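# Overview (structure and organization)
Here are the chains, one letter per residue:
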Amino acid sequence: KINDQDMAYDENFSFFMTTKLPNPSFPPELFAKCLIIDFTVTQLGLEQQLLSQVISKEKSELNEESAKLSEEINNNEKRRKDLEDRLLKQLAESQGNLIDDYSLIETLRETKDASADIAEKLTVAVETQKRISTACEEYRTVATRGSVLYFLIVEMSNVNPMYQTSLPQFLDIFNGSIENSERAQVAAKRITNIIDALTFNVFAYIVRGLFASHKILFVLLMACKIQLRSGALEPLAFETLLKGTAALSSGVEKPKPFPWLQDAMKSWPGIVTLMELFPRQFKSLPELIARNESAWKEWYLADAIESVPIPDINDKLDTAFKMLLIRCVREDRTMLAATNYVAEVLGKEFAEPQQLDVYSCIEETRGTVPIIFLLSQGSDPTTTIEAAAKKLKKKVMPISMGQGQEPAAR
């Protein structure tokens, strides 16, 4: 029935529906009536796919050997299965004394010899497969970095729905980074070159399409996600950076001892919470501030607090924990402290403003990939486009889109 009306039904009819929802929630009765298939890309699945991509470009002989090996294993398994089926059939059809059935005895002997031969080949194949897997695993770090970056890009759509990047787009950047990164004889150096090129290329590509206020957010998340994946940044530290210490406070308050703490409702509880959450880095922090009040006051009231050494514990803290402390006591300087963190983790070029490079944009385009400029009032890229076209010896055909311009645009 459809809309309470009986409809003719063909047994060959199939109905497929798709959704663009990233994580749809269906009721149990729908699961009972339909076959639901989840094609969503997972981080581990994408990592494996990217590993195959990089191996096909860097170690194509391993891919060929692996494919040949898989075919050989399948053929041997099929041959063994055929022999076993043949033997079972003869046993089922045999009549009289089995010892007098010479055909069956011959099949038994042949099956035994073949099974021993196949078992030996399979053992060799498994060892070869382990050797290939070990060689491929050397490039796992490239695939891991690619997977981390892609899922970060996807998450940026939560910041603004306009920030959409497809997997084919990302794969173009990934493959281009492998092909254009600096070559090296030593595999470890080559892998480092690919990772560095991939990270910067993704950064430059994505930052071009972000609003200015979101660029530092993206590159900060990039640095954090990379360090989280490598284990260099604690998950709790990342959570504290996002939520602030107020959300993670135990609720136990200590009286504020200093009048110079301007935002006492946040800064002092934040200091106490940091000590509770990260005792190794901020052990006895309130007591340290009390003992050396003048130095801490000078640091707290500094104009560029992120550039001034932290009293007493500066050498004990890495850039991430310095950023956390500033996040707690001087929230207005957090993003500037984040810039220092990004520069240390990724490099200074990631913390600096990126100028639009029209030439690199042109290299990324093709017949089906246009360049679209989103202009703010007063901006005009015409001069830049014409200069790039002149340098590349290309002809520019400007068309003002409007009524009657369809034939010219074609």
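Refer to the preceding data block for the structure.
Now for a quick tour of the structure. (Residues numbered from 1 in each chain as written. Predicted model: local features only at pLDDT ≥ 70, side-chain atom pairs only at ≥ 80, totals over all residues. Heavy atoms only, no water.)

### Things to note about the overall build of the protein
Check the secondary structure of the protein and you find 19 helices and zero strands. What you see for the protein is a C-alpha radius of gyration of 32 Å, clearly larger than the 22 Å of a compact globule of 410 residues, by over 25%. Projected onto its principal axes, the C-alpha coordinates of the protein cover approximately 105 × 70 × 70 Å. Within the protein, contacts between residues at least 6 apart in sequence are counted, and of these 66% link residues at least 24 apart. Total accessible area computed for the protein in this model is approximately 27,100 Å², and 54% of it derives from carbon and sulfur atoms. Charge-centre separation for the protein: the mean point of 47 positive side chains lies 5 Å from the mean point of 57 negative side chains. (Helix = DSSP H or I, 4+ residues; strand = E, 2+ residues; numbered from the N terminus. Rg over C-alpha atoms; globule rule 2.2 N^0.38 Å. Contact = heavy atoms within 4.5 Å. Areas by Shrake-Rupley, 256 points an atom, 1.4 Å probe, with all protein chains shown as cover. Lys, Arg positive; Asp, Glu negative; His and termini not counted. Charge placed at Lys NZ, Arg CZ, Asp CG, Glu CD.)

### Comments concerning the pattern of salt bridges
Any two side chains of opposite charge can pair, so long as their charged atoms come close to each other. For the coordinates displayed, the defined rule picks out 17 salt bridges. Among the salt bridges present, the one from Glu179 reaches Lys57, with a minimum N-O distance of 2.9 Å. Of the two residues, Glu179 sits in helix α6 (residues 167-180) while Lys57 sits in helix α2 (residues 43-58), which places them 122 residues apart along the sequence. The exposure class of Glu179 is partly exposed, given its relative accessible area of 45%. Taking the shortest distance from any N to any O, the salt bridge between Arg333 and Glu306 comes out at 2.9 Å. Of this pair, Arg333 sits in the loop between α14 (319-329) and α15 (334-345) while Glu306 sits in the loop between α13 (293-300) and α14, and the two are 27 residues apart along the sequence. When sorted by exposure, Arg333 lands in the same class as Glu306, which is buried. Salt bridges here are not isolated pairs; linked through shared partners, they connect Glu47, Glu137, Arg140 and Arg229. (Salt bridge = Lys/Arg side-chain N within 4 Å of Asp/Glu carboxyl O. Buried < 20%, exposed > 50% of the residue type's maximum accessible area, 1.4 Å probe, protein only.)

### Quick word on the packing of helix α5 (residues 140-155) against helix α8 (residues 212-230)
Two elements in contact, α5 and α8, have axes separated by 10 Å at closest approach and are oriented at 140 degrees. Judged on the interaxial angle alone, α8 and α5 are oblique. Regarding α5 and α8, the two cross each other, and that crossing is right-handed. Listed contacts from α8 to Thr144, Arg145, Val148, Leu149, Leu152, Ile153 and Glu155 of α5 are Phe218, Leu221, Met222, Lys225, Ile226 and Arg229. Here the residues of the contact of α5 with α8 sort into eight nonpolar, one polar and four charged. (Axes fitted to C-alpha atoms, helices over the stretch in contact; angles between N-to-C directions. Parallel < 35°, antiparallel > 145°, perpendicular 65-115°, else oblique. Left-handed = near helix turned anticlockwise from the far one by under 90°. Nonpolar A, V, L, I, M, F, W, Y, C, P; charged D, E, K, R; others polar.)

### So, the side chain of Glu58
With respect to the element layout, Glu58 can be found in helix α2. In this structure Glu58 comes out as buried when scored by relative accessible area, which is 17%. At a separation of 2.8 Å, a polar atom in the side chain of Glu58 contacts the side chain of Arg190. Ignoring any residue separated from it by four or fewer positions in sequence, one finds Glu58 in contact with Tyr139, Ile178, Arg183, Arg190 and Ile194. (Polar contact = N/O pair within 3.5 Å; in protein donor to acceptor, adjacent residues only side chain to side chain.)

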